[in-house]
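Descriptive structure summary
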Amino acid sequence: MKNPLAPEWLQAPEDLNDLNKKIWPESAKRDSSGEIHIGGVGVSELASKFGTPLYVVDESEFRSRLALVNRAFTQPAREHGIAIRMYYAAKALLTTDIAGWVEQEGYSIDVASGGELAVARAAGFEGSKIGLHGNNKSLSEISRAVVAGVNSIVIDSEQEIERIASIAESNSVVQGVRLRVNSGVHASTHEFLATAREDQKFGIPIDQVEDLVAVIRSHPSLKFLGLHSHIGSQIFVVDGFVEAARRLLSLHAKLSEGEEVPELNLGGGFGIAYVENEKPINIKELAQRIIANVVSLSDELGIKPPNLCFEPGRLIAGPSGVTLYNVGTIKDIEVPTEQGSANRRYVAVDGGISDNLRFALYGAEYTSSLATRSSSAEPVLSRVVGKHCESGDIVVNNTYLPSDLAINELIAVPATGAYCYSLASNYNYLGRPPIASVRDGQSKLLVRGETEQDMLARDEGYKTGLADES
Ligand SMILES: Cc1ncc(COP(=O)(O)O)c(C=O)c1O
């Protein structure tokens, strides 16, 4: 009988050892002993070399996703003379090595803070391939972006127009800018991931756009490149993107009267599968539909179809990452139900919300697997929790793990490449985990783990010796 605590969508797997290709990197495989290998490297080797928790990024998966997504848009666009600029959304996952892969695969990069800009620049990204976002950029962030020669700054409020114009003027440059529009499209995703509903902080309401573009155009130090829309994240329904494109294109056509508007940026937000019942978005089909719609609507509006920009993050980074944890404690809890009670197993690992905030933030579901061996034991409904002082410290809310899972074994949580490392914290003074890349049987440390010394080094009391005395 199904455990009544299991959500409706979660079935006990027929084979607990299966690594579903929709969720795991293509390279993830079990060897003859059942140990998981990613990018040709065994998880035991990775854990003993770098420790746990460990973020593992499959470089080949990351690169091939960059290439696939780029092709998905470029091929249908080319037939219509539309140029495509792909920005990788750095907020999903960024290190200097990863920025290097992004650059080598021909992408531009979208940064959303001075810190992300610094990493992209440190990786050697030219300003002309960087776009700056953010709903409240500081003067220093704007100034650094202008000096770096970024190709575009996405304006998110009326106040930013003057700020960017005066910084560009004092640097004697003409700065490319876009205007982020709140299209009002209600993307079907978690409320905190939807960014184009009316009642939220991003963008300019559609009815104010024409006036603000006129203000932008009145500044000789600004060059208006076009409109921007990002309707949200982890979206599976193609219609939301098509509708946003339709709304923005009508505005784009009006703004093109008398003065060319070269581009339209439709943002990112393409959904991936985290658990069995989710189907990753078909990016080829999505790209074809968006482009076909842009072409036909441009025809109707009597304008040349604009060049298009996109900003995928999760779709590239998410499925490329797997987190490894060591199991510390296992508890079986009898939970009251309508029929009586049922068992939920709590598997506590050596990380938690400090390395994966996504369940706490959005109720995001994951799956997990015993990583060091295969098992033919019974599947047990389990909750993978962390070691923090919060009952919401949950990494995987609902998963089946084998009943013979033991203390000190490794478990792996797939699809953790996006918005895990980048949302990590030092809660309870846990150091943020290292990131290692794997490829062709080799592993490489991308970012070392944070140590207690790293954290204490920022503590002024420690520097003056006070902490030592207490
Ligand atoms: C403006 C903008 N572009 C792109 C992205 C990337 O979204 P995703 O990782 O869902 O593709 C985000 C994510 O928040 C964003 O705010």
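Treat the numbers as computed from the prediction; the structure is a model and nothing was measured.

Rules and cut-offs
- Residues numbered from 1 in each chain as written.
- Predicted model: local features only at pLDDT ≥ 70, side-chain atom pairs only at ≥ 80, totals over all residues.
- Helix = DSSP H or I, 4+ residues; strand = E, 2+ residues; numbered from the N terminus.
- Rg over C-alpha atoms; globule rule 2.2 N^0.38 Å.
- Buried ≥ 20, exposed ≤ 12 C-beta atoms within 10 Å, placed from the backbone.
- Contact = placed C-beta atoms within 7 Å.
- Core = buried A, V, L, I, M, F, W, Y, C linked by C-beta atoms within 7 Å.
- Domains from an automatic or database assignment.
- Near = placed C-beta within 6 Å.
- Nonpolar A, V, L, I, M, F, W, Y, C, P; charged D, E, K, R; others polar.
- Axes fitted to C-alpha atoms, helices over the stretch in contact; angles between N-to-C directions.
- Left-handed = near helix turned anticlockwise from the far one by under 90°.
- Pairing = 2+ DSSP bridges.
- Parallel < 35°, antiparallel > 145°, perpendicular 65-115°, else oblique.

From N to C terminus, the chain includes 14 helices and 21 strands. Scaling as 2.2 N^0.38, a compact globule of 470 residues should have a C-alpha radius of gyration of about 23 Å, and the chain matches this with 24 Å. Dimensions of the chain, computed from the C-alpha atoms along their principal axes, are close to 70 × 60 × 45 Å. Counting the 470 residues in the chain, one finds 48% classified as buried. Sequence-distant contacts, at least 24 apart, represent 70% of the contacts inside the chain between residues at least 6 apart.

Among the nonpolar cores identified, the biggest contains 129 residues, and Val56, Ile109, Leu324 and Ile411 are the most heavily contacted of them. Tallying contributions element by element places helix 8 (residues 238–256) first for this core, with seven residues. Mapped onto the domain boundaries, this core takes at least three residues apiece from domain 1 (29–58 + 319–456) and domain 2 (59–317).

Taken together, 17 residues sit near the ligand, with Ala89, Ser233, Gly268, Gly313 and Arg314 positioned nearest. Classifying every residue of the shell around the ligand by side-chain character gives six nonpolar, seven polar and four charged.

The N-to-C vectors of helix 2 (residues 59–78) and helix 9 (residues 283–301) enclose an angle of 35°; their axes lie 9 Å apart at closest approach. The crossing of helix 2 and helix 9 is right-handed. Residues Val69, Ala72, Phe73, Pro76 and Ala77 of helix 2 lie in contact with helix 9, whose contacting residues are Ile283, Lys284, Ala287, Gln288 and Ile291. Residue composition of the contact of helix 2 with helix 9, by class: eight nonpolar, one polar and one charged.

Let us look at the pairing of strand 4 (residues 54–58). Both faces of the sheet carry side chains from a regular strand, because those side chains alternate between them. The element strand 4 is largely enclosed, with a buried count of five among its five residues. Burial of strand 4 is two-sided: the residues Leu54, Val56 and Asp58 facing one way and the residues Tyr55 and Val57 facing the other way are all buried. Alignment of strand 4 against strand 20 (residues 435–439), held across four bridges, turns out to be parallel. Bridge pairing in strand 20 places valine 57 opposite serine 437.

Parsing the chain into structural domains produces domain 1 (29–58 + 319–456) and domain 2 (59–317). Here the C-alpha centroids of domain 1 and domain 2 sit 33 Å apart. Looking at the side of domain 1 that touches domain 2, the elements that each hand over two or more residues are strand 4, helix 11 (358–362), strand 20 and strand 21 (442–447). Sort the elements by how many residues they give to the side of domain 1 that touches domain 2 and strand 20 lands first, with four residues. For the side of domain 1 that touches domain 2, the class distribution of residues is 14 nonpolar, eight polar and three charged.

Two numbers describe how helix 8 lies on helix 9: the axes approach to 10 Å, and their chain directions differ by 30°. Taken together, helix 8 and helix 9 sit at an angle that is classed as roughly parallel. Crossing geometry of helix 8 relative to helix 9 is assigned as right-handed. Taken together, the residues of helix 9 that come into contact with helix 8 (itself represented by Val238, Phe241, Val242, Ala245, Arg246, Leu249, Ser250 and Ala253) are Leu286, Arg289, Ile290, Asn293, Val294, Leu297, Ser298 and Leu301.

If you trace the three strands from one edge of the open sheet to the other, you get 1-2-3, paired in antiparallel fashion. Two strands lie at the open edges of the sheet, namely strand 1 (29–30) and strand 3 (41–42), each paired on one side alone. Bridge count between strand 1 and strand 2 (residues 36–38): two bridges; the pairing is antiparallel. Within strand 2, the position partnered with lysine 29 by the bridge is histidine 37.

Let us look at unusual backbone geometry. Cis rather than trans, the peptide bond between threonine 52 and proline 53 has omega equal to -10°. With respect to the secondary-structure elements, proline 53 resides in the loop between helix 1 (43–50) and strand 4. Notably, asparagine 408 is not glycine yet its phi reads approximately 75°, a positive angle. In this fold, asparagine 408 is placed in the loop between strand 18 (394–402) and strand 19 (410–414). Residue aspartate 440 is not a glycine yet carries a positive backbone phi of 50°.

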